[in-house]
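Residues per chain, in single letters:
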Amino acid sequence: MLSCGIIQAQMPAHPRILLLSGEEEVIRKNMEAEPAWAKVHQVILTECDQIITLPSLERIQTGRRLLSVSREALRRIFYLSYAYP
C-alpha cells in the first residue's frame, strides 16, 4: 500500500479536473480502437448535455440526511469534468 506522501508526490500541480495530463489521449486511442468505448463516450456526452439544463442542486435535507443531494452532486461533477474540453 502506498503512503499518502508517495501518492501526493505523483500528483501534478493544480488545476486538475478528472484526468491526469495525457490521459485524454489514451481515451481517444481506445475509442478509435474499440467502437464500444466510442459508444460509452457518446453516452456520457449526451448525459452531460442533459445535466447542464437541470436546475442547480439545493441543500434540502431528507430527514437528517443530505446523501441523495451529495450523490447527485458527485455524479454531475464526474460527468461534467469528463466532458470538459
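Residues numbered from 1 in each chain as written. Predicted model: local features only at pLDDT ≥ 70, side-chain atom pairs only at ≥ 80, totals over all residues. Heavy atoms only, no water.

A. Structural view of the overall build of the chain. Secondary structure assignment for the chain yields four helices and zero strands. Along its sequence from the N terminus, the chain presents helices and strands in the succession α-α-α-α. When burial is assessed residue by residue, the chain has 8% of its 85 residues classed as buried. (Helix = DSSP H or I, 4+ residues; strand = E, 2+ residues; numbered from the N terminus. Buried < 20%, exposed > 50% of the residue type's maximum accessible area, 1.4 Å probe, protein only.)

B. Looking closely at a nonpolar patch on the surface. There is a patch of nonpolar side chains on the surface, built from Leu18, Leu19, Leu74, Ile77 and Phe78 and spanning about 440 Å² of accessible area. Relative to the helices and strands, Leu18 resides in the loop between α1 (4–10) and α2 (23–33). (Patch = residues over 30% accessible without salt bridge, like charges linked within 9 Å, V, L, I, M, F, W, Y side chains within 5 Å. Areas by Shrake-Rupley, 256 points an atom, 1.4 Å probe, with all protein chains shown as cover. Salt bridge = Lys/Arg side-chain N within 4 Å of Asp/Glu carboxyl O.)

C. Structural detail: helix α3 (residues 35–51). With 17 residues, α3 should cover 24 Å at 1.5 Å per step; its first-to-last C-alpha distance of 24 Å lies within 8% of that length. Tucked into the core, α3 has its buried residues touching α2 and α4 (67–83). (Expected span 1.5 Å × (residues − 1). Contact = heavy atoms within 4.5 Å.)

D. Representation of the packing of aromatic side chains within the structure. Considering all chains together, one arrives at zero aromatic pairs under this definition. Sitting above the plane of the Tyr79 ring, Arg75 keeps its charged end 5.6 Å from the centroid. (Phe/Tyr/Trp six-rings, centres within 6.5 Å; stacked < 30°, edge-to-face > 60°. Lys NZ or Arg CZ within 6 Å of the ring centre and 35° of its normal.)

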